[in-house]
Amino acid sequence: MTTVTEQPNARTSSSSGGPGDRPTVSGGSGRGSGGGAAWLRRAPLLPALLFTIVMTQLPFLATLVISFMHYQAYAPDSHGFAGFSNFKAVFQSADLRSSALTTVYLTVTVVLVSLVLGMGIALLLNRSFFGRGIVRTMIITPFLVVPVAAALFFKHGIFNPSSGLINGVISWVWGLFGDTTPPAPDWLSQFPLLSVELQLIWQWTPFMTLILLAGLQSRSHDVLEAAAVDGAGPWRTFASITLPHMRQYLELAGLLGSIYVVQNFDSVFTITSGSLGTANLPYTVYTTVFNAQDYGLASAQGVIVVIASIGIATLALRTVFSLFQPEGAR
Amino acid sequence: MTTTDPATTNDAPVTRPTATRRPRRRPRGSAITGLAAWAVGFTFVLPVLWMALTSLHTEADAGAGRPQVFASLTFANYSDFFSGGGADPWPPIINSATAAILSTLLVLVLAVPAAYALSVKPIEKWTDVMFFFLSTKMLPMVAGLLPVYLIAQKTGLLDNITFLILIYTAMNLPIAVWMMRSFLAEIPPALFEAAEIDGAGLVTILRKIVVPLSAPGMAATALICFIFSWNELLFAKSLTGTVAGTAPVFLTSFVTSQGLFLAQVSAAAIVVSLPVLIAGFAAQDKLVQGLSLGAVK
C-alpha cells in the first residue's frame, strides 16, 4: 500500500530516451500548442496514476502521522502528540520483538527452502519427459488454492493429531509392521512454527518454480549449443552457464517471495492464530488494531514494518530493473 | 547413474536453420528424470487431491485416523454446505464474486489507457512511472490497514463491498499496468501510425486497435487480478462484517471449530477455491508474468 522513495532507475532519465524503442514525447517542446499535446498524451495515464497515489500514498502518510500520536479507540478524545513514545513501546515490548524475529525467521526459512526446491523442480521441468504438461500443472496447483482454504485444510486435514494425513500415514505404515501404537505427534502444538512453514513452503514453491523455469527457458540456445560442441558436461554447463544466467532470476524469485511472505497473514491467522510464538508482524499489527485498539502503537508497528521492508523492496526494484532493461532495449 | 550418454542426446541436425527464433528443443530427460518429476508433482498436488477426496467422504471416514482412500463417496457434504443448518455460504460467495469481478473491470478500465500512455506513445520519464507503480506493490499492505479502516469507519463504508472494490482495484492496478504495457508493446507501431493518419482519436484507437489486439493479454490480466482479489483476507476480514463478508472471511469461521467436521471443511475449501483453480488453469501460461509483477515473461 505504500511506496519506496528511493528508486533505482534514476539513471534512465539521463540516458538517451530510456530503454524504450519508441521516441519519447518531450514535455513542452512540441510546435505551437506543445504543452497541450503533451498533456493529451499524459491524459490516459492520469486516472490510474491519481487513483494509485490517493489509494496507496495517503494511507501511509496517515500511518506516519498517527504513529506519533496518542490514539486509542477507547479514549477517542485524548488524541495528542506522543513523540517517539509509540516507537519506544514497540521496541520495549518483548512480544513485539519476538514477532519481529518470527517474521524474519519465517520469511528466511520459507523463501530459502522454496527457492532450493523450486530450482530443483524447474531443472526437472525443463527436460522433456512423458506427461510434462500434466506435471507442470500438478506443481502449480498449490498456488491456485485460496490461501485461507489451504491453510484451513492443512490445520485440520494434514496436521491434526487424530484426523490429519501425516499421522494417518504414520499410523498406516506402522500398522503394516504390526505396530498398533504408532507415534502421533501433535504437530500444531509441538512444532507450531514448522507447521506454518511447511504450509507456506508448499504454497510458495510453485511460485519459485515458475519464475526459475522462465529463467531457464530464456537461456540462449546458441550458448548452450556452443558449450555442448566444446565438450562441456552437464555439471560444467550448469555451473558456468546456467547459474550465472539464473542469478537475476534467483534474486527476483527470492526477493518477490520475501515481499509476499513477510506480509503473510492468512497462514498465521488460520493455522495457529498467532499462538505459540508464530505471531508475525502483520498478525501483530492486526491484533493491535482490532484487539488492543491502540491505533498509535499499531501505526508505529506499521512504520517499522515499512522501514524494514524498504531494503528488500529497493533490491527487488533494482532486480526488476535489470531484467527490464534488455527487454526495453530490444 | 543413468544409462543415457549425454553426447547422444545432443546429436543436433547438421544444418541448423538460420532463423534466430527456431523452436526450442528441450534436453531429453531420462526415465529417472520423468519418475522424479512425477513423484514431485504428485507430492505437491497430494494435499489438494486429499482435500477433494475428503470432501466426498463421510465425517466418520474423514476423521478415521488411518487414510480411508477407498471409502464410499458421497456428495452429502456439499449439499450440507449449501443447504445445511450452518450459515448460508451464498452471500459471501456473491460478495467475493462482486468484489473480484467489479474491481477487475475497474482495474482494466484504468490500466489499459495507462499502459497505452506508457508504451505506444510513451510519455516523458515513462520508466519512472512504471517503477512508481511497481514500488507500491513492494511494501506491506498491512502498513495501510489502520488508516483505511478509520476512513471506512468515518465515511460509513465499513462492511460495504464498494469500499473493498476500491481497495482491490488499488492492490491490482500496478500489476495490470505492468502486464498490459508488455502486451501493448507487442502491437506493431505501424498500426497506430496508420490509425492516426486516418484521424482516429484516442478512444477510437483504444476501442478499435488496443482492445481487440490485446484481448488475450487482457484476459490473462483479468484472470490474475480476479485471483488476487478473490484470495485476499486481511482487508476483507478487517473491513467487512456480516453483510459484506467475502468467501475467505466465511472460511475463517471454521478455524476454531471442534469435533467431526473435516469433510465439511474440505467441501467448503473446495467450493471457495474452485473459481481460483479454474481461473488459474485458464491463465496458466501468463501466470508467471502476473506473479512476477510483469518482470518475467
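Residues numbered from 1 in each chain as written. Chains lettered and ligands numbered in written order. Predicted model: local features only at pLDDT ≥ 70, side-chain atom pairs only at ≥ 80, totals over all residues. Heavy atoms only, no water.

Q: Describe the overall build of chain A, and please don't skip the residues or the numbers.
A: In terms of regular secondary structure, chain A is built from 15 helices and two strands. A total of 330 residues make up chain A; the buried ones form 55% of that total. By sequence separation, contacts in chain A at least 24 residues apart represent 70% of the contacts at least 6 residues apart. Only carbon and sulfur atoms are counted for the fraction: they give 67% of the accessible area of chain A, which is about 14,200 Å². (Helix = DSSP H or I, 4+ residues; strand = E, 2+ residues; numbered from the N terminus. Buried < 20%, exposed > 50% of the residue type's maximum accessible area, 1.4 Å probe, protein only. Contact = heavy atoms within 4.5 Å. Areas by Shrake-Rupley, 256 points an atom, 1.4 Å probe, with all protein chains shown as cover.)

Q: Lay out the overall build of chain B with the relevant residues and their values.
A: When helices and strands are counted, chain B shows 14 helices and zero strands. Written out in order from the N terminus, the α and β elements of chain B read α-α-α-α-α-α-α-α-α-α-α-α-α-α. Expressed as a percentage of the 297 residues in chain B, the buried residues total 55%. If you take every contact in chain B between residues at least 6 apart in sequence, the share linking residues at least 24 apart comes to 71%.

Q: Quick rundown of the pattern of salt bridges? Include the residues and the values.
A: Residue and element names in this part refer to chain A. All chains considered together, the criterion is met by one salt bridge over all chains. A salt bridge links Glu251 to Arg247; the nearest nitrogen and oxygen atoms lie 3.0 Å apart. Separated by four residues within a single helix, Glu251 and Arg247 lie in helix H12 (residues 234–262), roughly one turn from each other. (Salt bridge = Lys/Arg side-chain N within 4 Å of Asp/Glu carboxyl O.)

Q: Summarise helix H3 (residues 76–83) of chain B; cite the residues concerned and give the values.
A: Residues and elements named next belong to chain B. By the burial criterion, the buried members of H3 are Asn77, Tyr78 and Phe81. One side of H3 carries all its buried residues, which in axial view fall inside an arc of 100 degrees. Tucked inside the fold, the buried residues of H3 contact helix H1 (31–55), helix H2 (59–62), helix H12 (247–251) and helix H13 (262–282). (Arc of directions from axis to C-beta.)

Q: Account for unusual backbone geometry, naming residues and giving values.
A: We note that Leu276 of chain A has phi near 55 degrees; this positive angle belongs to a residue other than glycine. Summarising the element assignment, Leu276 of chain A is placed in the loop between helix H13 (266–272) and helix H14 (281–292). We note that Asp159 of chain B has phi near 60 degrees; this positive angle belongs to a residue other than glycine.

Q: Explain the packing of helix H4 (residues 90–119) of chain B against helix H9 (residues 202–213) of chain B to me, using residue names and the numbers behind them.
A: All names here are of chain B. It is at 12 Å that the axes of H4 and H9 come closest, and there the two elements cross at 100 degrees. By the angle class used here, H4 and H9 are roughly perpendicular. Facing H4, whose interface residues are Val112, Pro113 and Tyr116, H9 presents Leu202, Ile205, Leu206 and Val210. Each residue belonging to the contact of H4 with H9 can be placed in one class, and the counts come to seven nonpolar, no polar and no charged. (Axes fitted to C-alpha atoms, helices over the stretch in contact; angles between N-to-C directions. Parallel < 35°, antiparallel > 145°, perpendicular 65-115°, else oblique. Nonpolar A, V, L, I, M, F, W, Y, C, P; charged D, E, K, R; others polar.)

Q: Could you give me a rundown of the interface of chain B and chain A, with the residues and numbers involved?
A: Counting from both sides, the interface comprises 115 residues of chain B and, opposite them, 120 residues of chain A. For the pair chain B and chain A, the interface holds zero salt bridges. Summed over the shared surface of chain B and chain A, the result is nine residue pairs in polar contact (both at pLDDT 80 or more). (Polar contact = N/O pair within 3.5 Å; in protein donor to acceptor, adjacent residues only side chain to side chain.)

Q: Could you give an account of H14 of chain A, with specific residues and numbers?
A: All names here are of chain A. Extensive coverage of H14 is indicated by the burial of 10 of its 12 residues. Buried within H14 are the following residues: Leu281, Pro282, Tyr283, Thr284, Val285, Tyr286, Thr287, Thr288, Val289 and Phe290. Two to three positions downstream of the cap, the backbone nitrogen of Tyr283 sits 3.2 Å from a side-chain oxygen, assigning the N-cap of H14 to Asn280.

Q: Summarise a nonpolar patch on the surface; cite the residues concerned and give the values.
A: All names here are of chain A. Nonpolar side chains collect at one region of the surface, where Val54, Leu58, Leu61 and Leu64 lie side by side and expose about 330 Å² of accessible area between them. The topology assignment puts Leu58 in helix H3 (residues 46–66). A relative accessible area of 45% means that Leu58 is categorised as partly exposed. (Patch = residues over 30% accessible without salt bridge, like charges linked within 9 Å, V, L, I, M, F, W, Y side chains within 5 Å.)

Q: Kindly report on the packing of aromatic side chains, identifying the contributing residues and their values.
A: Evaluation of the coordinates by the stated rule reveals 29 aromatic pairs over all chains. When the centroid spacing of 6.2 Å and the interplanar angle of 25 degrees are considered together, the rings of Phe265 of chain A and Tyr283 of chain A count as stacked. Residue Phe265 of chain A is found in the loop between H12 and H13, and its partner Tyr283 of chain A is found in helix H14; the two are separated by 18 residues along the sequence. Taking 6.0 Å as the distance between ring centres and 55 degrees as the angle between the ring planes, the aromatic pair formed by Phe132 of chain B and Phe133 of chain B counts as tilted. You can call Phe133 of chain B buried: its relative accessible area is 0%. (Phe/Tyr/Trp six-rings, centres within 6.5 Å; stacked < 30°, edge-to-face > 60°.)

Q: Tell me about the confidence of the model for chain B, residues and numbers included.
A: Reading fine detail from the predicted coordinates is not recommended where pLDDT is low. The predicted model of chain B has a mean per-residue pLDDT of 82, with 87% of residues at 70 or higher. Ignoring residues within four places in sequence, the model shows residues 1–23 of chain B, a span with pLDDT below 50, making 13 contacts including any to other chains. (pLDDT = per-residue confidence, 0-100.)

Q: Any chance you could break down the confidence of the model for chain A for me, citing the residues and the numbers?
A: Scored by pLDDT, chain A has a mean of 80; 87% of the residues are at 70 or more. When the criterion is pLDDT under 50, residues 1–33 of chain A qualifies, and its contacts beyond four places in sequence or with other chains add up to 83 contacts.

Q: Any chance you could break down the environment of Gly241 of chain B for me, citing the residues and the numbers?
A: For Gly241 of chain B, the location among the structural elements is in the loop between helix H11 (234–239) and H12. Along the sequence, Gly241 of chain B and Leu158 of chain B sit 83 residues apart, while their C-alpha atoms lie 8.0 Å from each other.

Q: I'd like a description of the packing of H9 of chain B against helix H10 (residues 215–231) of chain B, backed by residues and values.
A: Residue and element names in this part refer to chain B. At a closest axis distance of 4 Å, the pairing of H9 and H10 adopts a crossing angle of 65 degrees. Relative to H10, the element H9 is oriented roughly perpendicular. Contacts between H9 and H10 involve Val211, Pro212 and Leu213 from the former and Ala215, Pro216 and Met218 from the latter. Per-class residue counts for the contact of H9 with H10 are six nonpolar, no polar and no charged.

Q: Got a sec to walk through the side chain of Gln199 of chain A? Specific residues and values, please.
A: Residue and element names in this part refer to chain A. Along the polypeptide, Gln199 turns up in helix H10 (residues 192–217). According to the relative accessible area criterion, Gln199 is buried, its value standing at 0%. Setting aside its immediate chain neighbours within four residues, Gln199 contacts Pro147, Ala150, Ala151, Phe154, Ser267 and Ile271.

Q: Talk me through the environment of Thr240 of chain B; I want residue IDs and the actual numbers.
A: Residue and element names in this part refer to chain B. Turning to its location among the elements, Thr240 is positioned in the loop between H11 and H12. When the C-alpha positions of Thr240 and Ile161 are compared, they lie 7.6 Å apart, and in sequence the two are 79 residues distant. Excluding residues within four positions of it along the chain, Thr240 makes contact with Asp159, Leu164, Phe235, Gly245, Thr246 and Val249. Within the local environment of Thr240, its side chain forms a polar contact with the backbone oxygen of Ala236, the two atoms lying 2.5 Å apart.

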